[in-house]
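Spelled out from the first residue to the last, the chains are:
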Amino acid sequence: MIEYNIDASGMTGFLLGLLNIYSPTGDTERAIAYVRKAFESLGLETKLNAKGALIATWEGRSAGRPRALTAHVDTLGAMVKEIKPNGRLRLTQLGGYVWNTVEGEGCFVRTATGVTVSGTILPIKASVHVHNGKEVSELERKEANMEVRLDARTTKAEETRALGIEVGDFCYLDSRAQLTDTGFVRSRHLDDKASVACIYGAFKAMADAGLTPAQRTTALITNFEEVGHGASTGIPSDCVELLVVDMAAVGEGQNSDEFSCGICVKDSGGPYHIEMRRKLVELAQNADIPYKLDIYPFYGSDGAAALHAGSDLRVGLIGPGVDASHAYERTHQDSLAATARLIVEYLLAP
Ligand SMILES: [Zn+2]
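1. Notes on the environment of Asp27
Stage number 1. In this structure, Asp27 sits in the loop between helix 1 (8-19) and helix 2 (29-41).
Stage number 2. Taking the relative accessible area as the measure of exposure, Asp27 reaches 15% and is therefore buried.
Stage number 3. Separated by 50 residues in sequence, Asp27 and Gly77 place their C-alpha atoms 9.7 Å apart.
Stage number 4. In contact with Asp27, not counting residues within four places along its chain, are Tyr22, Phe170 and Tyr172.
Stage number 5. At a separation of 2.5 Å, a polar atom in the side chain of Asp27 contacts the side chain of Tyr172.

2. So, the coordination of the zinc ion
Ideal coordination angles are 109.5 degrees for a metal with four donors arranged tetrahedrally and 90 or 180 degrees for a metal with six donors arranged octahedrally.
Stage number 1. Donor atoms from the polypeptide that bind the zinc ion are His72 (NE2), Asp191 (OD), Asp246 (OD) and Asp246 (OD), placed at 2.0 to 2.6 Å.
Stage number 2. Taken together, the 4 donor atoms coordinating the zinc ion and their angles of 51 to 142° define a geometry best described as irregular.
Stage number 3. When the donors of the zinc ion are listed by position in the chain, the intervening gaps give H-x118-D-x54-D. Highlighted residues: Asp191 in helix 5 (residues 190-208) and Asp246 in the loop between strand 13 (241-245) and strand 14 (248-250), separated in sequence by 55 residues. Judged on exposure class, the residue Asp191 and its partner Asp246 are both buried.

3. Here we look at the state of the cysteines
Covalently bonding the sulfur atom of one cysteine to the sulfur atom of another cysteine gives a disulfide.
Stage number 1. One pass over the structure, following the stated rule, counts 0 disulfides.
Stage number 2. Left without a disulfide partner, Cys171 is nearest to the cysteine sulfur of Cys107, which lies 3.7 Å away.
Stage number 3. With a relative accessible area of 0%, Cys171 lands in the buried category.
Stage number 4. Free cysteine Cys198: the closest other cysteine sulfur is in Cys261, separated by 7.7 Å.
Stage number 5. Take Cys198: its relative accessible area is 0%, and that puts it in the buried class.

4. Some remarks on unusual backbone geometry
Stage number 1. With an omega dihedral of 10°, the bond running from Asp191 to Asp192 counts as a cis peptide bond.
Stage number 2. You will see that Ala324, though not glycine, has its phi angle at about 55°, which is positive.
Stage number 3. Positionally, Ala324 belongs in the loop between strand 18 (314-323) and strand 19 (329-332).

5. Notes on the packing of helix 2 against helix 5
Stage number 1. At their nearest, the axes of helix 2 and helix 5 sit 10 Å apart, and the two run at 15° to each other. By the angle between their directions, the pair helix 2 and helix 5 is classed as roughly parallel. Once helix 2 is placed against helix 5, the crossing between them reads as left-handed. The segment helix 2 lies against helix 5, with Val35, Ala38 and Phe39 engaging Val196, Ile199, Tyr200 and Phe203.
Stage number 2. Taken together, the residues that form the contact of helix 2 with helix 5 break down as 7 nonpolar, no polar and no charged.

6. Things to note about the side chain of Thr75
Stage number 1. Secondary-structure assignment places Thr75 in the loop between strand 3 (62-72) and strand 4 (77-83).
Stage number 2. Not counting the four nearest positions on each side in its chain, Thr75 is found in contact with Ser23, Pro24, Thr25, Leu94, His189, Asp191, Lys193 and Glu226.

The rules behind each value
Residues numbered from 1 in each chain as written. Predicted model: local features only at pLDDT ≥ 70, side-chain atom pairs only at ≥ 80, totals over all residues. Heavy atoms only, no water. Helix = DSSP H or I, 4+ residues; strand = E, 2+ residues; numbered from the N terminus. Buried < 20%, exposed > 50% of the residue type's maximum accessible area, 1.4 Å probe, protein only. Contact = heavy atoms within 4.5 Å. Polar contact = N/O pair within 3.5 Å; in protein donor to acceptor, adjacent residues only side chain to side chain. Donors = N, O, S within 2.8 Å, 3.2 Å for Na, K, Ca; no water. Tetrahedral: all angles 85-135°; square planar, octahedral: opposite > 155°, others 65-115°. Disulfide = S-S within 2.5 Å. Axes fitted to C-alpha atoms, helices over the stretch in contact; angles between N-to-C directions. Parallel < 35°, antiparallel > 145°, perpendicular 65-115°, else oblique. Left-handed = near helix turned anticlockwise from the far one by under 90°. Nonpolar A, V, L, I, M, F, W, Y, C, P; charged D, E, K, R; others polar.

Interpretation in functional terms is not warranted from these geometric data alone.
Next comes the structure, spelled out in structure tokens:
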């Protein structure tokens, strides 16, 4: 067996750093730059494509059956849709989530000049002392009933505009990233930054141990996954396999958990390739890596984006188990380590 060591604290440190760089779909430059720097420090060659995704190449021992790995750095977020007469903001969503999951959440509006103004996302009837409790609880959480209360002295649209805020400004959801002393990472946006960290952790383990991938490997870190077209471009045309690294859906009725690596068998887009699934299961079993096969009922990945764009690839999907996805999420360091190990095993396999 080949010896290598996953640096759990290095990988978690990379993840916490990435979680603190906000990157909703459409505003991902800084997060991509962070990942690029980390990959370059491991000796990978990197470039960006026109739409801003990161393409990192690691020449393998062979180029006979080149492979690609992908994970996405873009996350959920919002944009200023309207500056209301009361000086508060109406938002439009970036990515798919329900408003209940961001109620009471801190947020940051970034103006065109780069100034950040903090605020809180609240229903338009938020106070039980002003409206009765029933009115507050029964108000439907939808775009028109939610607003941002800015931490600035403003009660009029003109006063808000004077802060430099305008329609189209990005609004970041506070990730509240935290590592607990029990090894959990709780944060928004673990989907899919946890997987980017797993790829980094796998690459670092291989670089530290002086290992080279069996095949030429391209890591594509996409920046438009949450809106469906992340990996539609960026994968070299001679690649024959694509390993998507994206979160495993944990919850009621699911087989996945926060302590293993999820191997997705099927999602909304249909089954993943059976040869990829067999290979991944065999690699996990041989290396004693905890894994869970599972089906994610309401889930699409960059694998579908690549296939629908016309790529001829065998696609598989693995990832760390994430609880309460697209809400305040959580995973465990054990799940990150298991996923990083399975990536290493995959890259070393002939
Ligand atoms: Zn995702």
